[in-house]
Amino acid sequence: MAEAHSAVAFSFSISHEGWDVNFDREVLHLVWSSGIRSWKKRFWRFANSVKNGVYPAPLQSLWATVGILVALHFAGVRLPIGLVGMLLPHLPSTAFHWQVVACFTVALGVWFAVIQVIRYTLRLLLVYKGWMYEERGRGRSISIKTKLWLVLVKALSGFSRPMLYSFQGSLPKLPVPALDDTVKRYLRSVRPLLNDDEYSRMEKLAKEFGSGIGKKLQRYLMLKSWWASNYVSDWWEEYVYLRGRSPLMVNSNFYGIDAILMHPTKIQAARAATVIYTCLQYRRLIERQEMEPILIQGLVPLCSWQYERLFNTTRVPGPETDRIVHYADSCHVVVYHRGRYFKVIIYHKNRLLQPCELEVQMQAILENKSEPLQGEERLAALTAGPRTHWANTRQEFFFKGTNRVSLDAIEKAAFFVSLDDEPYEFDQSRPELLDKFGRVLLHGKGYDRWFDKSFTLCIGSNGRIGFNSEHSWADAAIMSHLWEYVMTEELMLAGADAPVMGHLWEHVVAGDTEIGYGPDGHTIGEPEFEPPAPIRLQWDLNEKALAAIDSSYKIAVDLLNDVDLRIYVHDAYGKGFMKECRLSPDAYIQMAMQLAYYRDAGKFSLTYEASMTRLYLEGRTETVRPCTVESSEWVKSMENKNSSIEERVALLQKACKVHHLGIQDAMCGKGIDRHLFCLYVVSKYLEVDSPFLKEVLSEPWRLSTSQTPHGQTNKMDLKKFPKCISAGGGFGPVADDGYGVSYIIAGEDMIFFHISSKRSCDTTDSSRFAKAVEKSLADMRTLFQDFKKLKQQQTDKKKE
């Protein structure tokens, strides 16, 4: 056994003849290599911290500053303000070398002071968000104020290539909105949901709150915003995610699907090896900060804080609250296959294993005929069940011994890999296959995903891939960026003319590593050595532990069987037509869902759409409320046969404009829900009750939506690679009687809708809602086509 081999790597004995030392050179070499890797990482982190701390100035500018100051000093020019002369009396002498020391010290201080002024000035400039509200195109130009701002930001951002965290010190803090503004926006957002009496009652509660306890809560929140780096994110992570006691599976975790129009190889081990290697390459980019931060319009940086916990991270359960544990490094991944767990070493002799070497390891796992130990197959159901139950079970049965060693291997892994024994299939003529694809990734069998890990990489038996991701450590956009990297790296192996199906024959060379698939579908290249064999993890589970696993499994099965998931592929038209209508594609789709929900439920509902606040330091998300006064008026006009075409179009344009403004406000820190959420947290700390906040926070989100933007990184180029279209991903319903809808605008003429609901609810049906969305989109296209014809007729009449 490998464990026993490690245990006797070093031993000594003492006898009457003296003492004797025995050691295993191979194991000691592994220890040595691990130490070298650790110190290299520390060096990279230190060097990168220095570079980030002085960005946008390059380190070379320090030596230029020193050289100029020394030259001026010995030329008799006393700059700056005689600081060198003031420092010299405090040195041992005025000899030449001490004068150089004085010049260097002053130059260092001046250089650092200038850098801090630049960084603080850049932070003040980034506070300005007027550029977001200015319309561009169609003959409109930006204001002189914004043009001047653009020039200053560009000048102060530096001309050297930024690293991943270069702008972190220049990002502004998320501002706390004015209390009155938030309350007014809230009241307007709920107006279409309430009748006159209900709205009057809510107005009264809001007025009492705004003139009473609200002012006190706002002052405490302002104090926190001055002290904390972000007044929302830590409370959001703690109270929305980590304190939740319900299962992560379906309720919190989300999934993502492969680029379904391509199928690079059907060999499971080969695809797993290549994707694992690509993920590890991405991890290296993050660790070395070689990945550039995302810049909106190539200029305004987004916060990169969330990337740090993408790898080597797990969520550890607790009786009352969970915690996120991130490890500085990990030299292995854990693979699950047919009920067994394997620890797979990914480094050998201080080198990351190549794809062809990783394939050998994956194939060894697939060919392993051993049977699962008692209770091992369904062990991960503990991570799919209630959190308190998992915490107590972990403390009782996984705190020491063999179970603790194996659990540590899983929790300290770079990420979790599941080699499934069923294919992931896609056929546009058979929509049920894509539905099954999504269900497999969302919950699997309830025990074949480690739902606590930052993400589980899932590989079907036919070589298609997907992922299941835990949500507390970061938002979905971070996983989307990794997923785009994985898909585009594989796609670039074959070039722009890659086939839709079949094997990728070409390859690329990354450093000394060949990446790609050969004609037989296997990874190319030959292993330079026999890679470390996968280590089978061992478990010792008694009757009580087995009963705990079975308890979680039963809950997980009930939960996953209750999921009604429908993935609707809309290919009649896409964002190209929406742009022709001069409407924001996101606003257009949100209005379609408002119409669909009204037709499905016969009423309006509080609607959630996620928007990011990463323009600010440690920003995460904010809520946009698509159900507005304007959207409800348009929906009613669509259901009113007496409404004219012009009226419907005008109302839709107005509703889309208001929705777009809501997104802008949310991104600029002027949202409603995070502000009220934080005020509610403060009220709980102060042990005061607020009927207004209690009612606001208890409102159910029966329609929870989120867009997955396609091409979030500069690697994704659909013009060059039109087949690199991901079907996006999805999540479970937020409310028991509601829908969870994730959508991705894939290319010009395709949209994927991931619609989830609960089978146990009599009022919801995912397939029915998908048909309602389809009809809404069709009716909206017909509306604009009729409007275009009407305008043409009016133009022709004028000409006559």
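Residues numbered from 1 in each chain as written. Predicted model: local features only at pLDDT ≥ 70, side-chain atom pairs only at ≥ 80, totals over all residues. Heavy atoms only, no water.

**Things to note about the overall build of the protein chain**
Link 1 in the chain: A tally of helices and strands in the protein chain yields 25 helices and 24 strands.
Link 2 in the chain: Out of the 800 residues belonging to the protein chain, those deemed buried represent 54%.
Link 3 in the chain: The long-range fraction of contacts in the protein chain, counting pairs at least 24 apart against all pairs at least 6 apart in sequence, stands at 77%.
Link 4 in the chain: With the model as given, the accessible surface of the protein chain reaches about 36100 Å², and the carbon-plus-sulfur share is 56%. (Helix = DSSP H or I, 4+ residues; strand = E, 2+ residues; numbered from the N terminus. Buried < 20%, exposed > 50% of the residue type's maximum accessible area, 1.4 Å probe, protein only. Contact = heavy atoms within 4.5 Å. Areas by Shrake-Rupley, 256 points an atom, 1.4 Å probe, with all protein chains shown as cover.)

**Considering the UniProt feature "transmembrane region" (unreviewed entry) in the protein chain**
Link 1 in the chain: Under the UniProt annotation, the feature "transmembrane region" (unreviewed entry) is placed at residues 54–76 and 96–122.
Link 2 in the chain: When the span residues 54–76 is considered, its composition is 70% helix and 0% strand, and the gap between its end C-alpha atoms is 30 Å.
Link 3 in the chain: For residues 96–122, the end-to-end C-alpha separation is 39 Å, with 100% helix and 0% strand making up the annotated structure. (UniProt positions renumbered as here; feature names shortened; annotations may be inferred.)

**Overview of the sheet that holds strand E8 (residues 332–337)**
Within a sheet, neighbouring strands are paired by backbone hydrogen bonds and run either parallel or antiparallel to one another.
Link 1 in the chain: The strand order across the open sheet built from eight strands is E17-E9-E8-E12-E13-E14-E3-E22, with neighbouring strands paired in mixed fashion. Each edge of the open sheet carries a strand with a single partner, namely strand E17 (535–536) and strand E22 (729–731).
Link 2 in the chain: Relative to E22, strand E3 (residues 254–257) runs antiparallel, the two sharing three bridges. Considered in E22, the bridge of Phe254 is made with Phe731.
Link 3 in the chain: Strands in contact with helix H11 (residues 268–287) are strand E12 (416–419), strand E13 (455–459) and strand E14 (465–469); relative to E13, the strand with the most contacts, it is inclined by about 150 degrees.
Link 4 in the chain: Helix-sheet contacts for helix H12 (residues 355–367) involve E8, strand E9 (340–345) and E12, and the interaxial angle to E9 is about 160 degrees. (Pairing = 2+ DSSP bridges. Axes fitted to C-alpha atoms, helices over the stretch in contact; angles between N-to-C directions.)

**Comments concerning a nonpolar patch on the surface**
Link 1 in the chain: Side chains of Trp63, Phe104 and Leu108 sit close together on the surface and give an oily, nonpolar patch of about 310 Å² of accessible area.
Link 2 in the chain: The topology assignment puts Phe104 in helix H5 (residues 96–127).
Link 3 in the chain: By relative accessible area, Phe104 is classed as partly exposed at 33%. (Patch = residues over 30% accessible without salt bridge, like charges linked within 9 Å, V, L, I, M, F, W, Y side chains within 5 Å. Salt bridge = Lys/Arg side-chain N within 4 Å of Asp/Glu carboxyl O.)

**Concerning unusual backbone geometry**
Link 1 in the chain: Located in the positive-phi region is Glu618, a residue other than glycine, with phi close to 55 degrees.
Link 2 in the chain: The class for Glu618 is partly exposed, based on a relative accessible area of 23%.
Link 3 in the chain: A positive phi angle is found at Glu687, which is not glycine, with a value near 60 degrees.
Link 4 in the chain: Within the secondary structure layout, Glu687 lies in the loop between helix H23 (673–686) and helix H24 (691–698).

**Here's the deal with the packing of aromatic side chains**
Link 1 in the chain: For the structure shown, the criterion picks out 33 aromatic pairs.
Link 2 in the chain: Relative to Trp450, the ring of Phe416 has its centre 6.3 Å away and its plane inclined at 35 degrees; by these criteria the two rings are tilted. A residue pair is termed long-range when its members are at least 10 positions apart, and Phe416 in strand E12 and Trp450 in the loop between helix H16 (431–442) and E13 qualify at 34 residues.
Link 3 in the chain: An angle of 85 degrees between the planes, with centres 5.3 Å apart, marks the rings of Tyr608 and Trp701 as edge-to-face. With Tyr608 in strand E19 (residues 607–612) and Trp701 in the loop between H24 and strand E21 (703–707), this residue pair connects regions lying 93 residues apart in the sequence. (Phe/Tyr/Trp six-rings, centres within 6.5 Å; stacked < 30°, edge-to-face > 60°.)

**Let's talk about the pattern of salt bridges**
Link 1 in the chain: Here the structure, examined in full by the defined rule, presents 37 salt bridges.
Link 2 in the chain: The closest approach of N and O atoms between Arg394 and Glu411, which form a salt bridge, is 2.8 Å. Remark: Glu411 occurs in helix H15 (residues 401–411) and Arg394 occurs in helix H14 (residues 387–397); sequence separation between them is 17 residues. Comparing Arg394 with Glu411, the two get one shared label, buried.
Link 3 in the chain: For Arg768, the salt bridge identified is with Asp600, shortest N-O distance 2.6 Å. Within this pair, whereas Arg768 is found in helix H25 (residues 766–799), its partner Asp600 is found in helix H20 (residues 585–601), the two being separated by 168 residues in sequence.
Link 4 in the chain: Take Asp600: its relative accessible area is 15%, and that puts it in the buried class.

**Comments concerning the nonpolar core**
Link 1 in the chain: Core analysis: the largest hydrophobic core is formed by 57 residues, its most contacted members being Trp149, Tyr186, Phe209, Leu221, Leu676, Leu679 and Phe692.
Link 2 in the chain: At six residues, H23 tops the list of elements feeding residues into this core.
Link 3 in the chain: Among all residues touching Leu221, those that are not within four sequence positions of it are Val176, Tyr231, Trp235, His675, Cys678, Leu679 and Val682. (Core = buried A, V, L, I, M, F, W, Y, C linked by side-chain atoms within 4.5 Å.)

**Details of the side chain of Ser189**
Link 1 in the chain: Residue position: Ser189 is located in helix H7 (residues 179–190).
Link 2 in the chain: Under the relative-accessibility criterion, Ser189 is labelled buried at 7%.
Link 3 in the chain: Looking at Ser189, its side chain comes within polar contact range of the main-chain oxygen of Tyr186, at 2.6 Å.
Link 4 in the chain: Filtering out sequence-adjacent residues up to four positions away, Ser189 remains in contact with Arg625, Cys627 and Ile672. (Polar contact = N/O pair within 3.5 Å; in protein donor to acceptor, adjacent residues only side chain to side chain.)

**Digging into the pairing of E13**
Link 1 in the chain: In terms of burial, E13 is largely enclosed, as five of its five residues are buried.
Link 2 in the chain: Side chains Phe455, Leu457 and Ile459 of E13 all project onto a buried face; the interleaved residues Thr456 and Cys458 project onto the opposite face, where all are buried too.
Link 3 in the chain: Following the chain from E12 across H16 to the adjacent parallel E13, one finds a crossover that is right-handed.
Link 4 in the chain: Sheet topology note: the E13/E14 ladder contains five bridges and is antiparallel. Across the sheet, Leu457 pairs through a bridge with Phe467, a residue of E14. (Right-handed = clockwise from strand over helix to strand, strands pointing away.)

**Let's talk about H16**
Link 1 in the chain: Compared with an ideal rise of 1.5 Å per residue, which puts 12 residues at 16 Å, H16 spans 17 Å between its outermost C-alpha atoms and is within 8% of the ideal.
Link 2 in the chain: When you tally the buried positions in H16, you get nine out of 12 residues, the bulk of the element.
Link 3 in the chain: Considered for burial, the residues of H16 that qualify are Leu433, Leu434, Asp435, Phe437, Gly438, Arg439, Val440, Leu441 and Leu442.
Link 4 in the chain: After H16 finishes, the residue Gly444 shows a positive phi value of roughly 55 degrees. (Expected span 1.5 Å × (residues − 1).)

**Considering the environment of Glu774**
Link 1 in the chain: Along the chain, Glu774 turns up in helix H25.
Link 2 in the chain: Sequence spacing of Glu774 and His570 is 204 residues, and the spatial spacing of their C-alpha atoms is 7.3 Å.

**A few points about the confidence of the model for the protein chain**
For any part of a model where pLDDT is low, the fine detail of the predicted coordinates should not be relied upon.
Link 1 in the chain: When pLDDT is averaged along the protein chain, the result is 88, and 89% of the positions lie at 70 or above.
Link 2 in the chain: Predicted confidence for residues 1–10 stays below pLDDT 50, and this span has 13 contacts to residues more than four positions away or in other chains. (pLDDT = per-residue confidence, 0-100.)

**Let's talk about the sheet that holds strand E20 (residues 621–624)**
Link 1 in the chain: Taken together, six strands build an open sheet; the order of strands is E18-E24-E23-E21-E19-E20 and the sheet is mixed. Looking at strand neighbours, the two that pair on one side only are strand E18 (563–570) and E20, the edges of this open sheet. Each strand axis lies, on average, 20 degrees off the axis of its neighbour in the sheet, ignoring direction.

**What about the packing of helix H8 (residues 196–211) against H24?**
Link 1 in the chain: Across the interface, H8 lies against H24 with an axial gap of 8 Å and an inter-helix angle of 125 degrees. Classified by the angle between their axes, H8 and H24 sit oblique to one another. Where H8 approaches H24, its residues Arg201, Met202, Leu205, Ala206 and Phe209 are matched on the opposing element by Pro691, Phe692, Leu693 and Glu695.
Link 2 in the chain: A class-by-class count of the residues in the contact of H8 with H24 yields seven nonpolar, no polar and two charged. (Parallel < 35°, antiparallel > 145°, perpendicular 65-115°, else oblique. Nonpolar A, V, L, I, M, F, W, Y, C, P; charged D, E, K, R; others polar.)

**Focus on the environment of Tyr220**
Link 1 in the chain: Looking at the element boundaries, Tyr220 is found in helix H9 (residues 213–227).
Link 2 in the chain: For Tyr220, a relative accessible area of 41% gives the class partly exposed.
Link 3 in the chain: Among residues more than four places away in sequence, those in contact with Tyr220 are Val682 and Leu686.

**Examining the pairing of E3**
Link 1 in the chain: Burial of the side chains of E3 extends over both faces: Phe254 and Gly256 are buried on one face and Tyr255 and Ile257 on the other.
Link 2 in the chain: Taken together, the four bridges between E3 and E14 define a ladder with antiparallel strand orientation. By the bridge assignment for E14, Tyr255 is matched with Asn468.

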